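Fold and geometry: a report
As a plain string of letters, each chain reads:
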Amino acid sequence: MTTNNETQNKSNPERLSLPVYIYIELPGECAAQCSLCPIKRGGPRREPISYDSLAEFTGGISKSITKVILTGGEPLNYPEIKNLCRHLDSVKLPYSIMTGSLWNESAGEVINFLKELKYLTNVTFSIHGSDSDAHNFFTQTESFSKVMNALSLCRDNGIPFNTCSVLGSFNKLQIKSLVKTVLSAGSTGHTFQRYIGPIKQSITLYKSDFKQAVSYINGMKKMGLPVKMDNCIPQCCDTEDTFCRAGVLSCTIDQCGNVKGCSFADINFGNITQIPLKSIWKKQTMRKWAETIPEECSLCSASYYCLGGCKSLRERFRIECDPLMEGPVETAKNVEIIISEEILDKPAVKNFRERKEKFGILVMKDEDCIPLSAETKTILKLFDGKTTFREIRQKSEEAFALAALLYQKGYLS
């Protein structure tokens, strides 16, 4: 619903036919009691979606999206997790798993299972402090040692993993030591997530402290460390490349099969056991939820992709704008993209999927995408793993410019 102080963003390009990637909340029991967990918020218990329905759904979308992210609860405690992962392997749909390491099976059994999976891109471990006091305080369980043991087992068995933590007052002084801890353990990167929940003095970071923490994290990133903030922060608060993708590039399927913008959203727009996802995604109510922004954001040059910060936070607490919002910003100017001489004689290898849209072609990689015109189809055929960047440049400057852009963003290697 749009209030008197909200407006639907008119500058957005045509809505995509489907999300780029999807979160799936699996009904696996989790012993942790994390304060922000949407699954622990209460409400009536409902019948979870069946494995057969999940298998049919993921099989149907396997060629149209980049990946699914299996979350929970604890996804590795979902009774059908092995069957589901093997099914995703069979339909060649990449997937990642988010876990808190509180597994019903032994760590060794879980690791052996993960080792056999073909389309598992990585495991994301939640770790909320560099010591047991901070981590166990947030999870309300004695789980720090279990997480550290799981990290070691993944590293020793060649299972790619990254890590994430909620940023709060309980761990704001541990940012440096936390990053050092997880990178030393073998994490390929660490993400700090914004706390989206009721105000708690022991957890909530107030705006000045939050901005200081974000500035410190961005400083580490500029030094080359693989760290970043999560993606629901207004551009005017955090000038890095962060924006809320919920309802625009991604959606969440909850444990009952309901489609929501994200895990923290209260509104569901339909159930995948009753309505195809494509039809739910096209609903005007879902588009309006995704693209409605605070009125003052309509004057901002970043509004077409920032969308005013966290939509679920505004929705849940019935506030007009994200508390971190500060005011309009200027978007960065385009920077010339240069491919070095040593790269020119290498073949252009695709690292992306592509999908036909009304406006042309959407190239997708992981949690990102680039819209292209239909005319670029002939250029995309050049990225065959054989034609070099130099040969592409000899064919046309337009083809080389696109190749350079895709290479810079990791869509080509």
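Here the structure is shown first, and the text comes after it.
For the structure given in this document, a descriptive report is provided here.

What follows concerns the nonpolar core. Core analysis: the largest hydrophobic core is formed by 89 residues, its most contacted members being Ile22, Leu70 and Leu114. Those residues in contact with Leu70, other than ones at most four positions away along the chain, are Ile24, Leu26, Pro75, Ile81, Leu84, Cys85, Leu88, Tyr95, Ser96, Ile97 and Met98. Counting 23 residues, the second largest nonpolar core, distinct from the first, contains Ile339, Leu344, Leu380 and Phe389.

The next subject is the side chain of Ser143. When you line up the elements, Ser143 lands in the loop between helix 4 (132-139) and helix 5 (144-156). A polar side-chain atom of Ser143 sits 3.0 Å from a polar atom in the side chain of His135. If we ignore the near neighbours within four places in the chain, the residues touching Ser143 are Leu102, His135 and Asn136.

For the rest of this paragraph, the subject is the environment of Gly73. Topologically, Gly73 is positioned in the loop between strand 3 (67-71) and helix 2 (81-90). For the pair Gly73 and Cys30, spaced 43 residues apart in sequence, the C-alpha to C-alpha distance is 5.1 Å.

Once that is clear, we can look at the pairing of strand 9 (residues 250-253). Every second residue of strand 9 is oriented toward a common face, with Ser250 and Thr252 on one face and Cys251 and Ile253 on the other, all of them buried. Alignment of strand 9 against strand 10 (residues 258-260), held across two bridges, turns out to be antiparallel. Bridge pairing in strand 10 links Thr252 to Lys260. Linking strand 9 to strand 10, which pair antiparallel, is a turn of four residues; within it Gly257 sits at a positive phi near 95°.

Once that is clear, we can look at the sheet that holds strand 5 (residues 120-126). Pairing within the open sheet is mixed, and its ten strands lie in the order 8-7-6-5-4-3-2-9-10-11. Pairing within the sheet leaves two strands with one partner each, and these edge strands are strand 8 (227-229) and strand 11 (268-271). Across this sheet, the average inter-strand angle for adjacent strands is 25°, counted without regard to direction. Here strand 2 (residues 21-25) pairs with strand 3 via five bridges, running parallel. Its bridge partner lying in strand 3, Tyr21 is registered against Lys67. The strands that helix 2 touches are strand 3, strand 4 (95-99) and strand 5; relative to strand 3, the one it contacts most, it runs at about 170°.

This paragraph deals with helix 5. The periodicity of an α-helix, 3.6 residues per turn, causes residues three or four positions apart to be oriented the same way. The end-to-end C-alpha separation of helix 5 is 19 Å, in line with the 18 Å expected for 13 residues at 1.5 Å each. Considered for burial, the residues of helix 5 that qualify are Phe144, Val147, Ala150, Leu151 and Cys154. Buried residues along helix 5 cover an arc of 125° about the axis, so they all sit on one side. Exposed and facing more than 90 degrees away from the buried side of helix 5 are Ser145 and Asp156. Those residues of helix 5 hidden inside the fold are in contact with helix 3 (107-115), strand 5, helix 4 and strand 6 (161-167).

With that out of the way, let us pick up the packing of helix 1 (residues 51-61) against helix 2. At a minimum axis distance of 10 Å, the contact between helix 1 and helix 2 shows a crossing angle of 20°. Accordingly, the angle class assigned to the pair helix 1 and helix 2 is roughly parallel. Handedness of the helix 1/helix 2 crossing: right-handed. Facing helix 1, whose interface residues are Tyr51, Leu54, Ala55, Thr58 and Gly59, helix 2 presents Asn83, Leu84, His87 and Leu88.

Now for the packing of aromatic side chains. With the rule as written, the count across this model stands at eight aromatic pairs. Note on Phe389 and Tyr407: the rings are 5.5 Å apart at their centroids and 75° apart in plane angle, and the pair reads as edge-to-face. Placement of Phe389 in helix 14 (residues 389-395) and of Tyr407 in helix 15 (residues 397-408) is noted, with a sequence separation of 18 residues between them. One Lys or Arg, Lys82, reaches over the ring of Phe113 and ends 5.8 Å from the middle of that ring. Arg393 extends its terminal NZ or CZ atom over the ring of Phe400, reaching a point 5.5 Å from the ring centre.

How each quantity is defined
Residues numbered from 1 in each chain as written. Predicted model: local features only at pLDDT ≥ 70, side-chain atom pairs only at ≥ 80, totals over all residues. Heavy atoms only, no water. Core = buried A, V, L, I, M, F, W, Y, C linked by side-chain atoms within 4.5 Å. Buried < 20%, exposed > 50% of the residue type's maximum accessible area, 1.4 Å probe, protein only. Contact = heavy atoms within 4.5 Å. Helix = DSSP H or I, 4+ residues; strand = E, 2+ residues; numbered from the N terminus. Polar contact = N/O pair within 3.5 Å; in protein donor to acceptor, adjacent residues only side chain to side chain. Pairing = 2+ DSSP bridges. Axes fitted to C-alpha atoms, helices over the stretch in contact; angles between N-to-C directions. Expected span 1.5 Å × (residues − 1). Arc of directions from axis to C-beta. Parallel < 35°, antiparallel > 145°, perpendicular 65-115°, else oblique. Left-handed = near helix turned anticlockwise from the far one by under 90°. Phe/Tyr/Trp six-rings, centres within 6.5 Å; stacked < 30°, edge-to-face > 60°. Lys NZ or Arg CZ within 6 Å of the ring centre and 35° of its normal.

So yeah, pure geometry; function would need other evidence.
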